[in-house]
Amino acid sequence: MANSPGDNARQTVAAGGGAPANAGAPAPRRARHSRLTVLSGPSGVGKSTVAAELRRRSPDIWISVSVTTRRPRPGEVNGREYHFVTGAEFDRMVADGALLEWAEFAGNKYGTPREPVERRIEAGLPTLLEIDLAGARQVKLAMPDALLVFLEPPSWEELVRRLTGRGTESAEVIERRLAAAKEELAAADEFDRTLVNTSVDEVCRQMVTLVNSNH
Ligand code: 5GP
C-alpha cells in the first residue's frame, strides 16, 4: 500500500488547551461524533464493486446512497446503488442545500444527501462515501477531519480494460470517463491513503481497518 505525504498529518487533536470556561460546572456530555471516510478514485477503478462488497461483509459500515441524474444501468435498483432523479429534482436539492457535496461527471450530476450522513456522524456510526474527485475535494473543505482514501488501478491499461469491458457505456462516454480518469489519477497525493485495487477482497479488508480506526 502506497502512502501519501499527508499520512498521519491529521491525527485528531484534543480540542482547546488550558482550563475550560465552565470549570467547576458539571461536564457537558461529550458528543460522540465519528469521522467520515471517503472512497474516491477514477471511474472504472472498482469503487462501486468495493462498496457493494463492503455492504455485504460489513453491514455496520453505513455507505451513503447518492442521488444521480444518470439513467440506471441494467441490474441497478433505485434506492440501492443510487436514488435516480430528474435534472429538475436534482437542481431543487442543490437549491435547498440538501446535498453535502455534488459534482457533474461525464454529463450527469451526482450528489450526497446531507441529512442521513450528518445524522450518522452525530450518532458516532462509521460512515463511508463513494464519490468522485470533485466531491472528495468538497468534503475535505467542509469536513477537514474526514479521512480521504484513493483507490488506484494496478495500471492504466487495466483501467482502460475495465472501463471498456463493462459494456454499459457508449464509446463517447468511455472517452469522457478516460479523460476524467487521467485528471483524477494525477490528484492521488491530495488523499490521506492510497490503496491499489489488485484484489477486491484485499481492498475491502484494508477499508474495514481504515474505517474502523477512523471511527
Ligand atoms: P457511475 O456513473 O460510474 O456510477 O459514477 C460515476 C462517478 O461518480 C464515479 O466516480 C462515482 O464514484 C461518482 N459518484 C457517485 N456518487 C457520487 C456523489 O454522490 N458525489 C460525487 N461527487 N460523485 C459521485
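Each remark here, short or long, concerns the structure printed above.
Read on for a plain summary of the structure. (Residues numbered from 1 in each chain as written. Predicted model: local features only at pLDDT ≥ 70, side-chain atom pairs only at ≥ 80, totals over all residues. Heavy atoms only, no water.)

We now examine the packing of helix α5 (residues 156–165) against helix α6 (residues 171–185). If you want to describe how two helices pack, look at the angle between their axes and the distance between the axes. Here α5 crosses α6 at 150 degrees, and the two axes come no closer than 11 Å. Read as a crossing pair, α5 and α6 show a hand that is right-handed. Taking contact as the criterion, the partners of Trp-156, Leu-159, Val-160, Leu-163 and Thr-164 in α5 are, on α6, Ile-174, Arg-177, Leu-178, Ala-181, Lys-182 and Leu-185. Looking at the contact of α5 with α6, its residues break down into 8 nonpolar, 1 polar and 2 charged. (Axes fitted to C-alpha atoms, helices over the stretch in contact; angles between N-to-C directions. Helix = DSSP H or I, 4+ residues; strand = E, 2+ residues; numbered from the N terminus. Left-handed = near helix turned anticlockwise from the far one by under 90°. Contact = heavy atoms within 4.5 Å. Nonpolar A, V, L, I, M, F, W, Y, C, P; charged D, E, K, R; others polar.)

Looking now at the nonpolar core. By size, the foremost hydrophobic cluster in this structure holds 19 residues, and its most contacted members are Val-50, Leu-128 and Met-207. Sorting the residues of this core by element identifies α1 (47–57), β8 (147–152) and α7 (200–214) as the ones contributing at least two each. It is α7 that contributes the most residues to this core, 5 residues altogether. Beyond its immediate stretch of four places on either side in the chain, Leu-128 contacts Thr-37, Val-38, Leu-39, Leu-54, Ile-61, Trp-62, Ile-63, Ser-64, Met-207 and Val-211. (Core = buried A, V, L, I, M, F, W, Y, C linked by side-chain atoms within 4.5 Å. Buried < 20%, exposed > 50% of the residue type's maximum accessible area, 1.4 Å probe, protein only.)

Turning our eyes to something else, we now look at the sheet that holds strand β2 (residues 62–63). The strand order β2-β7-β1-β8-β9 describes an open sheet built from 5 strands, whose pairing is parallel. The sheet is open, and its two borders are formed by β2 and β9 (193–196), each paired with just one other strand. Of the pairings in the sheet, the one linking β2 to strand β7 (residues 127–130) comprises 2 bridges and is parallel in character. What sits directly across from Trp-62, in β7, is Thr-127. Relative to β7, helix α3 (residues 114–122) is tilted by about 150 degrees, and along the sheet it contacts β1 (36–40), β2 and β7. (Pairing = 2+ DSSP bridges.)

So, on to the site of the ligand. Looking at the ligand, there are 17 residues lining it, with Ser-66, Arg-70, Tyr-82, Tyr-110 and Glu-130 nearest. With respect to the ligand, the side chain of Tyr-82 contributes an N or O atom lying 2.5 Å from an oxygen atom. Separating an oxygen atom of the ligand from a side-chain N or O atom of Thr-112 is a distance of 3.4 Å. Contributions of two or more residues to the shell around the ligand are made by β5 (99–105) and β6 (108–113). (Near = heavy atom within 4 Å. Polar contact = N/O pair within 3.5 Å; in protein donor to acceptor, adjacent residues only side chain to side chain.)

Phi at Ala-106 takes a positive value of approximately 45 degrees, unusual for a residue other than glycine. One can find Ala-106 in the loop between β5 and β6.

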